[in-house]
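# Structure assessment
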Amino acid sequence: MKHLQQIFLGSDKNETDFRTSFYCLSMLSLIHFSLGIYLGKQAYLMMSLLLWAAIGLLLWDRRPYFRKSRDKGSFFFGCILVAALLVLCVVRPGEKILGFFPLFAFLGWFLIFVGISESKRYFKEFSILLVFGIPKLVPDTAFGLAPLTAKFSAFFLWYLGYPVSLQGIHIQVPKGGVEVVPACSGINLMTHMLSLSIIFLCVFPPQRLNGCFFAAIAVFLGFFMNGVRVAILAILSPPQFSEQFHYWHSASGASVFVLLTLAIYGLLYFSLQKPDRQSGQS
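One structure accompanies this document, and this report is about it. (Residues numbered from 1 in each chain as written. Predicted model: local features only at pLDDT ≥ 70, side-chain atom pairs only at ≥ 80, totals over all residues. Heavy atoms only, no water.)

Helices and strands together make up the secondary structure of the protein, namely 12 helices and 3 strands. With the principal axes as the frame, the protein shows a C-alpha extent of 70 × 65 × 40 Å. Within the protein, the fraction of its 282 residues that count as buried is 42%. Pairs at least 24 residues apart make up 74% of the contacts formed inside the protein by residues separated by at least 6 positions. Within the structure as shown, the protein displays about 15,700 Å² of accessible surface, and the carbon and sulfur contribution to it stands at 68%. When the 22 basic and 12 acidic side-chain charges of the protein are each reduced to a single mean position, those positions are 2 Å apart. (Helix = DSSP H or I, 4+ residues; strand = E, 2+ residues; numbered from the N terminus. Buried < 20%, exposed > 50% of the residue type's maximum accessible area, 1.4 Å probe, protein only. Contact = heavy atoms within 4.5 Å. Areas by Shrake-Rupley, 256 points an atom, 1.4 Å probe, with all protein chains shown as cover. Lys, Arg positive; Asp, Glu negative; His and termini not counted. Charge placed at Lys NZ, Arg CZ, Asp CG, Glu CD.)

Next up on the list: the packing of helix H7 (residues 146-159) against helix H9 (residues 211-235). The contact between H7 and H9 brings their axes to 8 Å, and the two run at 65°. Accordingly, the angle class assigned to the pair H7 and H9 is roughly perpendicular. Seen from above, H7 lies across H9 with right-handed handedness. Along the contact surface, H7 presents Leu148, Thr149, Phe152, Ser153, Phe156 and Leu157, while H9 presents Phe223, Phe224, Asn226, Gly227, Val228, Val230, Ala231, Ala234 and Ile235. Residue composition of the contact of H7 with H9, grouped by class: 11 nonpolar, 4 polar and no charged. (Axes fitted to C-alpha atoms, helices over the stretch in contact; angles between N-to-C directions. Parallel < 35°, antiparallel > 145°, perpendicular 65-115°, else oblique. Left-handed = near helix turned anticlockwise from the far one by under 90°. Nonpolar A, V, L, I, M, F, W, Y, C, P; charged D, E, K, R; others polar.)

All right, on to the sheet that holds strand E2 (residues 170-173) then. In space, the 3 strands of this open sheet follow the order E1-E2-E3, with antiparallel pairing throughout. Here the strands that pair on one side only, and so sit at the sheet edges, are strand E1 (165-167) and strand E3 (176-179). Here the average twist between neighbouring strands, direction ignored, is 20°. Two elements, E2 and E3, share 4 bridges in a ladder whose sense is antiparallel. Paired with Ile171 across the two strands is Val178, which belongs to E3. (Pairing = 2+ DSSP bridges.)

Along E3, the buried face is formed by Gly176 and Val178; none of Gly177 and Glu179, which line the opposite face, is buried. Between the end of E2 and the start of E3, which pair antiparallel, lie 2 residues, with Lys175 showing a positive phi angle near 65°.

Structural measurements only, silent on function.
Structural data, given as structure tokens:
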């Protein structure tokens, strides 16, 4: 019981102020989750969970140094920003709002409880939140990846011994086939994996390898897993597999691949951080 009281009730004023601000930010994160559920973005909810968990960990580690802002001007503008953001979510909910809600919600919270003078101390949090919203600004047609994705998926099927032919962005299989449109090119998953790599790099800084290496792995893994999904859709394209095809083509099927991609990247990231046995013995 004493341990729970220490967690939820501060022992001094600074800790009480921090917990009050932390609970307010938690409420904003719940609103963000609710918006994602309303828009039917299941895969995005997984990324949001990691985002808010990372922000929470960074803030929790910084709690001994937390000092509540006394700047009335900053408090006023923060309240206006949060109120405007909430009204916008009700009046015009959309994907761009969903992507940048965390950044502006955190900025409003920051102005209310911390103050603009402490902005340098929170560089990691703002970097994570800024990168998190970028995928919603990148169009599906960016970089023209659809032909490359089609080639990769067709090669993947050919390598596995499955009869396949490729005509532009059309992957032909016996009694079926798929067209790799820009929305299926993988750019969305790649940009989200890039933002995820930034989260990992800020929360768990690498000790052995350069951060650019992990960012490149995240982007490649996003492209690879999306290509595998397209290949599976091609296999399931014949009429007798229509039910399975619709599932893996739906948001639910996409969510499974997003979760799998996140899990693989997490395993790779932390396994590459382990010191070599030989170096440990020497």
